[in-house]
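Each chain is listed here by its residues.
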Amino acid sequence: MDQTTHDHLVGSIYNAAAGRTSWDPALEQLAHSLDAFAIHLIGVDKRSLGVRFSHTGGHAPAEMHLDLLRRYHQIDERLPVVVQNDRDTWFHC
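Residues numbered from 1 in each chain as written. Predicted model: local features only at pLDDT ≥ 70, side-chain atom pairs only at ≥ 80, totals over all residues. Heavy atoms only, no water.

Caption draft 1: Representation of the pairing of strand β2 (residues 51-58) in the model. As defined by bridge partners, strand β1 (residues 38-44) adjoins β2 across 7 bridges and the pair is classed as antiparallel. Note that in β2 the partner of Leu 41 across the bridge is His 55. Between β1 and β2, which pair antiparallel and follow one another directly, the connecting turn spans 6 residues, one of which, Leu 49, has a positive phi of 60 degrees. (Pairing = 2+ DSSP bridges. Helix = DSSP H or I, 4+ residues; strand = E, 2+ residues; numbered from the N terminus.)

Quick look at the structure:
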């Protein structure tokens, strides 16, 4: 990836994190840059274990995203690790 593309990608992610733009185009660009099938960003409320936000980019069909929200997040083996982390700690995998 050339420097201009990299800078644009990082800028897109920062703009989405700041609420200036939607996450979906930034994640779409990230998936394309990484040649990934899909990128998924999910926020989980530690008290209720409910999904607070969810955004995707890449080639995953909408049904896949909905299945994650409906079922998989409830049995996700990473969830106990996330719940144990400090409130302001990011967890990525």
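Now that the structure is up, let's keep going.
Caption draft 2: Looking closely at the nonpolar core. Membership of the largest hydrophobic core is limited to 9 residues, which are Leu 9, Ala 16, Trp 23, Ala 26, Leu 27, Leu 30, Ala 31, Ile 39 and Leu 41. Put simply, the parts of the chain that give this core at least two residues each are α1 (3-17), α2 (23-34) and β1. For this core, the element with the most residues is α2, which contributes 5 residues. In this structure Leu 30 touches Leu 9, Ile 13 and Ile 39, once residues within four positions along its chain are discounted. (Core = buried A, V, L, I, M, F, W, Y, C linked by side-chain atoms within 4.5 Å. Buried < 20%, exposed > 50% of the residue type's maximum accessible area, 1.4 Å probe, protein only. Contact = heavy atoms within 4.5 Å.)

Caption draft 3: Quick peek at the side chain of Ser 12. Looking at the element boundaries, Ser 12 is found in helix α1. Judged by relative accessible area, Ser 12 falls into the buried class, the value being 14%. Non-local contacts of Ser 12, meaning those with residues more than four positions away in its chain, are made with Thr 21, Ala 26 and Gln 29.

Caption draft 4: Broad picture of the pattern of salt bridges. In total, this model carries 2 salt bridges according to the counting rule given. Note that Asp 45 is salt-bridged to Arg 47, the shortest N-O span being 3.5 Å. Arg 52 serves as the salt-bridge partner of Asp 45, at 3.3 Å between the closest nitrogen and oxygen. (Salt bridge = Lys/Arg side-chain N within 4 Å of Asp/Glu carboxyl O.)

Caption draft 5: Spatial organisation of unusual backbone geometry. Residues other than glycine seldom take positive phi values, yet Asp 35 does so here, at roughly 55 degrees. You can see Asp 35 is positioned in the loop between α2 and β1.

Caption draft 6: Expanded view of α2. For α2, built from 12 residues, the straight-helix expectation of 16 Å at 1.5 Å per residue is met to within 8% by its first-to-last C-alpha distance of 16 Å. Every buried residue of α2 is accounted for by Trp 23, Ala 26, Leu 27, Gln 29, Leu 30 and Ala 31. Structurally, the start of α2 carries an N-cap: the backbone nitrogen of Asp 24 is 3.2 Å from a side-chain oxygen of Ser 22. Following α2 by one or two positions, Asp 35 adopts a phi angle in the positive range, close to 55 degrees. (Expected span 1.5 Å × (residues − 1). Polar contact = N/O pair within 3.5 Å; in protein donor to acceptor, adjacent residues only side chain to side chain.)

Shape descriptors only; they carry no functional weight alone.
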